[in-house]
Amino acid sequence: MTDACQRVHALVDGELAPDEAQRVRLHLATCAVCQDELGRLLQLKALAQELVAPVAPGAPSTPPKQSRAFQPRWSRYARHGGLAVLVTAIASAALLFVLPQARGPRAELLWRTGAPTRSLELRSSYPGADLYHPYDTLRAGGPGAQEVVPLSEMARLEEAGDLRGIAAAYLLRMDAESAAPYLARAGDSPDVETDRAVVDLLRGDTSEALRRLDAVLQQAPRHSQAMWNRALALTRLDLELTAAEQFEAVAALGEQGWAEEARQRAEALRAHATQGQEHWQGALKAGEALVAHASIPSAEQLQQTPGLFRLYFYDALRTARTVEELRALFPMAETLDELQGGTVLRDAVRGAESRDLRRRAPLSEDYARLVRREPIPGGVPAFLERLRTAREDNLLLGALLHAGTVAANLEEYQRLATATRDPWFLLLAEHEQAKVLLSRGELLQAEQHLLAALKQCGESPVAYRCAQIEREVASLYRQLHRPAEAVQHAQAAWRWNRKDGAWGLDGLVLLELGQLSRFRHQPALSRAYLHEALAREPGRCELRHFVFANSASAHLNALEVDEARGDIDAALKCPGTLSPSGAQALADLARLRPSPGDAEHFTKGVAKLRASGSLNAGQLALLTQSEGRFLIEQDRPAGEALLRRSLSEAAQLPRWNVDARKARAYSYASLLFAAGKAREFDRVFSLLAEELGGALPEQCILGVALDVERTLVVVRGVDGQLHGRYDDRRTGPVGNVAGLIPEELLAPLRACERVVVAARPPLHGRSGMLPPDIAWSYFLPRPKPQASPAVPARRLMVANVEPPPGLALSPLRGWGPPPPGGMLLSGAAATPSRVLEAMARATEVEIHAHGLVNLGISDASLLVLTPESDGRYALTAGEVRARRLEGAPLVILAACRAAHTAPTSHEPFNLPVAFLEAGARAVLAATVDIPDEQAVRFFEAVRARIQAGQPVAVALRDERVSWLKRSGSEWVQAVLAFE
């Protein structure tokens, strides 16, 4: 339905301005549907007028007065009316009065009575809620800003069972929580999914909104409301150029009102982005002129990009050869000091004035040559020695950095930086120390220096330097595979850059955010960040390759093979270029959707990557894995040899090296599926045991793996006989894993007392892997920890937690005294640090608390405890796995979704896995929300069975079956055992 169609009602009611009315009339001339609607509306209007104001006997037969806009049309129509039409009108009126529930969504102004502007910036797909009105930001921010839908209309919608209409009415009032339940029951369609995205955006979940909107636009590329809302989502992420592109696409649809506003928004976004680019590029030129003492930037320029000009200021100070040149810098120092606070730059100018400038002049000239990358008489080492001899510490501080010799003179650099007492150089010294440690592979030591620098940023913030440090921390945490923390720091870098006008540094942060979003299986968000980076520099071929290669990988994660093929083809248009992510994607696409040039692209690209010297040891191991993965489909022995080489390379690297861990996991995946494809199930079984680091049981074991489109299952029942199945026909991601194991492979397991499940990620930790009447548990690839003889039996109970008020969590069941012979951490004492400390020597740990999935804090679920003095309330998997649980405890996590697993493809990561890695012998946890009262009784019953001597998996199964028979509590099926 077009916008003009939606305004036919308003035309008949005389509510349109003359120009708008003329536009709708022109549309009527070509639209048969609207012509039919107009006929019915006009007859109904005539009928209503006769019923309300009948002509009195003897009165002149004068037609009722019409609005000026309608009089000519009405008169012409009235002359051609007839009995048949009148009968039709009466029948229609009767139907409208008798059967109101049969009326569909109405595109009319009833919902916006008295509201010339709209307060909801987003668009609903419901026709009656999507009529155009200008957006009034002042009105939207004030009291009573929401659209008010009359109660009579709400009642009509309720009576008609119009779920979408009710939801739309709430959305107009920006009441997402009331709209969401109606949309959840409204079925699935592009329109409904678009309105669900509106709910996400009102809740602040931009990533989920983008996911929905991208899916809608994949089905309906010209869905105007989805396009509009996606543009707003991108705007909220400050992705100005991609948001402008999306608004321009809306404008091209030509919708009345919406098109013009979209055009204006696109122009404003592009103007702001262009302004940022021009300010940055202008600052670069002005900075070079400043260092050459050709001109001084204006106060306005300094305010636009203060950090960049401060960078140039230091070099201008060092290259000044006369008092006049130094004094010309004083107003600039004064302005920058006022922006930053303090007097450090003015003091630096005064300090330089006190030097013997005639003696320093030759050194300043050579320093200027170093800055311009020109040869220095005698060479750089001799120049540095001359600076040391002359005690020109400020020049030496800059020269060490420009010459790239900080790492070789780190202690000297730190001493010089400390002597300045300038926050700029104090931060820079910490950053340079961290970079030296990173180059040596000492990531954890580097982390400490970077965190110390961030602490300084909190005390003496220098936006330009703090942004660089935040980005370094994000990169570090990406390498350590701590994506939730990495995202926090990347977003902090983005905010610092925006504050400092550092347009030229944004691109690196965008690429970091794009990669991190892909690692977290947020493909829509990943593409948004990456394509914004490309929109800023569309001519950079290597950047184009990087963006499309990462996009191809994201599509492969979702098994969108055609889209991935299109992206990798776009990436390969850069001749001779292949990134590590591109190599991995191409290795899979050569199997899934091969192209004749794949082998040549792959071979040349990998050779160039290896020759570049830009890859570290972990990245090289991962690249070797990609080579083996590519080749194994054409030449299995040669491919397996490369995969074994990758495993050997990864084994040389420390455990924290994520690239090495990925190389190991992906190499085993290729070896496993090559054996599965050949139906060598005994080989599959031995490879699983090898990967898991020990012998697997010879009976009652299930091994299961996924790899893109392939599924592999191996089973050994009570008799030890091996059964297996290989399937490469999957066309979409696995949702519910119930039913993943075919019945013929379940049969051998049903006679087992208990079943060990060796599931490779991303299947490890999923509920429903086996039916509820089978006793089973997930197996972690670690030797069974032994409790220390020095640790006596000790039960730790954590309950009566006081969560932060801002989370609005309902209180859980209260606990009284501590359990016999145990310890109760309750109320204010149940903080994360106290719980971690108490768990260290416990032999049983039972935590009754709220569980949350908050991707801003952790990619796995977290436990909500009582806040520390600094406000920290979350107990995360990362914190748990870093501890040592000496008592090898049984751990019961009576919390909602405590077993929720991060969406990683190379290793399992969740709270139960973290507890096992820390030393727990077994963990019980659920993947869903659990009811408080039932949870207490259920977990206590399972614990009692275990205390009575039953194996963990058997105790869980028996209590689960009992509950399902008695009460049908379905949630108990989602309680899992990890051993």
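Residues numbered from 1 in each chain as written. Predicted model: local features only at pLDDT ≥ 70, side-chain atom pairs only at ≥ 80, totals over all residues. Heavy atoms only, no water.

Novice: Please give an account of the packing of aromatic side chains that cites residues and values.
Specialist: Under the counting rule described, the total for this entry stands at 16 aromatic pairs. Seen from their ring centres, Phe938 and Phe939 are 5.7 Å apart, and the 80° between their planes marks the pair as edge-to-face. Taking the centre distance of 5.4 Å and the plane angle of 90° together, the rings of Phe938 and Trp963 count as edge-to-face. One end of the pair, Phe938, is in helix H43 (residues 932-947); the other, Trp963, is in helix H44 (residues 952-966), and 25 residues separate them in sequence. By relative accessible area, Trp963 is classed as buried at 3%. Ring pairing ties together the aromatic residues Phe313, Tyr314, Trp424, Phe425 and Tyr464, which thus form one cluster. A cation over an aromatic ring shows up here: Arg123 above the ring of Trp258, its NZ or CZ 4.0 Å from the ring centre. Lying over the aromatic face of Trp424, Arg465 brings its terminal NZ or CZ to 4.9 Å of the ring centre. (Phe/Tyr/Trp six-rings, centres within 6.5 Å; stacked < 30°, edge-to-face > 60°. Helix = DSSP H or I, 4+ residues; strand = E, 2+ residues; numbered from the N terminus. Buried < 20%, exposed > 50% of the residue type's maximum accessible area, 1.4 Å probe, protein only. Lys NZ or Arg CZ within 6 Å of the ring centre and 35° of its normal.)

Novice: I'd like to hear about helix H24 (residues 410-420), residue by residue, with values.
Specialist: Residues of H24 that are buried: Leu410, Glu412, Tyr413, Leu416 and Ala417. Across the axial projection of H24, the buried residues extend over an arc of 160°, all falling on one side. Opposite the packed face of H24, turned more than 90 degrees from it, sit the exposed residues Glu411, Arg415 and Ala419. The secondary structure elements touched by the buried residues of H24 are helix H22 (380-389), helix H23 (393-402) and helix H25 (423-439). Count one or two residues on from H24 and you reach Arg421, which has phi positive near 55°. (Arc of directions from axis to C-beta. Contact = heavy atoms within 4.5 Å.)

Novice: Can you tell me about unusual backbone geometry, naming the residues and giving the values?
Specialist: In this model, Pro761 is joined to Pro762 through a cis peptide bond whose omega is 10°. Summarising the element assignment, Pro762 is placed in the loop between strand E4 (755-759) and strand E5 (776-778). For His521, which is not a glycine, the phi torsion comes out positive at approximately 55°. With respect to the helices and strands, His521 occurs in the loop between helix H29 (503-519) and helix H30 (523-536). Look at Asn800: it is not a glycine, yet its phi comes out positive at around 55°. Along the chain, Asn800 falls in strand E6 (residues 795-801).

Novice: So what's going on with the sheet that holds strand E11 (residues 874-875)? Which residues, and what values?
Specialist: On the basis of which strands lie adjacent, the open sheet formed by three strands has the order E9-E10-E11 and antiparallel pairing. Either end of the sheet is taken by a strand with one partner, and the two such strands are strand E9 (850-852) and E11. In terms of strand pairing, E9 meets strand E10 (residues 862-864) through three bridges, oriented antiparallel. If you follow His850 over to E10, its bridge partner there is Val864. (Pairing = 2+ DSSP bridges.)

Novice: Pulling in residues and values, what's your account of the side chain of Ser207?
Specialist: Assignment of secondary structure puts Ser207 in helix H12 (residues 206-219). Since its relative accessible area comes to 17%, Ser207 is described here as buried. With residues near it in sequence (within four places) discarded, Ser207 still touches Gln522 and Leu525.

Novice: Describe the nonpolar core, naming the residues involved and giving the relevant values.
Specialist: Leu210, Leu239, Phe247, Phe313, Phe383, Ile568 and Phe602 are the most contacted members of the largest nonpolar core, which totals 164 residues. Apart from residues no more than four positions distant in its own chain, Phe602 is found in contact with Leu578, Ala583, Leu586, Ala587, Ser626, Glu627 and Phe630. (Core = buried A, V, L, I, M, F, W, Y, C linked by side-chain atoms within 4.5 Å.)

Novice: Tell me about the environment of Tyr126, and name the residues and values.
Specialist: Its place among the elements puts Tyr126 in the loop between helix H6 (83-98) and helix H7 (137-141). Taking relative accessible area as the criterion, Tyr126 reaches 1% and is therefore assigned buried. For the pair Tyr126 and Gly165, spaced 39 residues apart in sequence, the C-alpha separation works out to 6.5 Å.

Novice: Tell me about the pattern of salt bridges, and please be specific about residues and values.
Specialist: Counted under the stated rule, the structure contains 74 salt bridges. Residue Glu633 is joined to Arg710 by a salt bridge in which the shortest nitrogen-to-oxygen separation is 3.6 Å. Remark: Arg710 occurs in strand E2 (residues 710-716) and Glu633 occurs in the loop between helix H35 (617-631) and helix H36 (636-651); sequence separation between them is 77 residues. Accessibility expressed as a relative area gives 29% for Glu633, which makes it partly exposed. The structure contains a network of salt bridges with shared partners spanning Asp588, Arg591, Arg629, Glu633, Lys677, Asp707, Glu709 and Arg710. (Salt bridge = Lys/Arg side-chain N within 4 Å of Asp/Glu carboxyl O.)

Novice: Outline the confidence of the model for the chain, supporting the account with residue identities and numerical values.
Specialist: Residues with a pLDDT of 70 or more make up 85% of the chain, whose mean pLDDT is 86. Across residues 46-110, where pLDDT falls below 50, the model places 63 contacts with residues more than four positions away in sequence or in other chains. Overall, residues 138-145 carries pLDDT values under 50, and its contacts beyond four positions in sequence, including any with other chains, amount to ten contacts. (pLDDT = per-residue confidence, 0-100.)

Novice: How would you explain the state of the cysteines if you had to name every residue and give the values?
Specialist: The final tally for this structure, using the stated rule, is three disulfides. Bridging Cys457 to Cys466, the disulfide has an S-S length of 2.1 Å. Here the disulfide of Cys457 and Cys466 is left-handed, its torsion about the S-S bond being about -110°. With cysteine numbering restricted to those in disulfides and following the sequence, the chain has the pairing 1-2, 3-4, 5-6. (Disulfide = S-S within 2.5 Å.)

Novice: Lay out the side chain of His555 with the relevant residues and their values.
Specialist: With respect to the element layout, His555 can be found in helix H31 (residues 541-557). A distance of 3.4 Å separates a polar atom in the side chain of His555 from a polar atom in the side chain of Arg527. Discounting chain neighbours no more than four positions away, the residues touching His555 are Arg527, Glu560, Glu563, Ala564 and Asp567. (Polar contact = N/O pair within 3.5 Å; in protein donor to acceptor, adjacent residues only side chain to side chain.)

Novice: Residues and numbers for the pairing of strand E13 (residues 922-926), please.
Specialist: With respect to burial, E13 is a largely interior element, five of its five residues being buried. Burial along E13 is two-sided: Ala922, Leu924 and Ala926 and Val923 and Ala925, pointing in opposite directions, are all buried. Pairing geometry for strand E12 (residues 890-894) and E13, over three bridges, is parallel. By the bridge assignment for E13, Ile892 is matched with Leu924.

Novice: Residues and numbers for the environment of His223, please.
Specialist: Structurally, His223 is set in the loop between H12 and helix H13 (224-236). Residue His223 is classed as buried on the basis of its relative accessible area of 8%. With ten residues separating them along the chain, His223 and Leu213 place their C-alpha atoms 9.5 Å apart. Non-local contacts of His223, meaning those with residues more than four positions away in its chain, are made with Ser125, Pro190, Asp191, Thr194, Val216 and Leu217.

Novice: Provide a residue-level description of the packing of helix H37 (residues 658-677) against helix H38 (residues 681-692), including the pertinent values.
Specialist: Between H37 and H38, whose axes approach to 8 Å, the crossing angle comes to 165°. Considering their axes alone, H37 and H38 lie roughly antiparallel with respect to each other. Crossing hand, H37 versus H38: left-handed. Mapping the contact onto sequence places Arg664, Ala665, Tyr668, Leu671, Leu672, Ala675 and Gly676 in H37 and Phe681, Arg683, Val684, Leu687, Leu688, Glu690 and Glu691 in H38. Counted by class, the contact of H37 with H38 contains nine nonpolar, one polar and four charged residues. (Axes fitted to C-alpha atoms, helices over the stretch in contact; angles between N-to-C directions. Parallel < 35°, antiparallel > 145°, perpendicular 65-115°, else oblique. Left-handed = near helix turned anticlockwise from the far one by under 90°. Nonpolar A, V, L, I, M, F, W, Y, C, P; charged D, E, K, R; others polar.)

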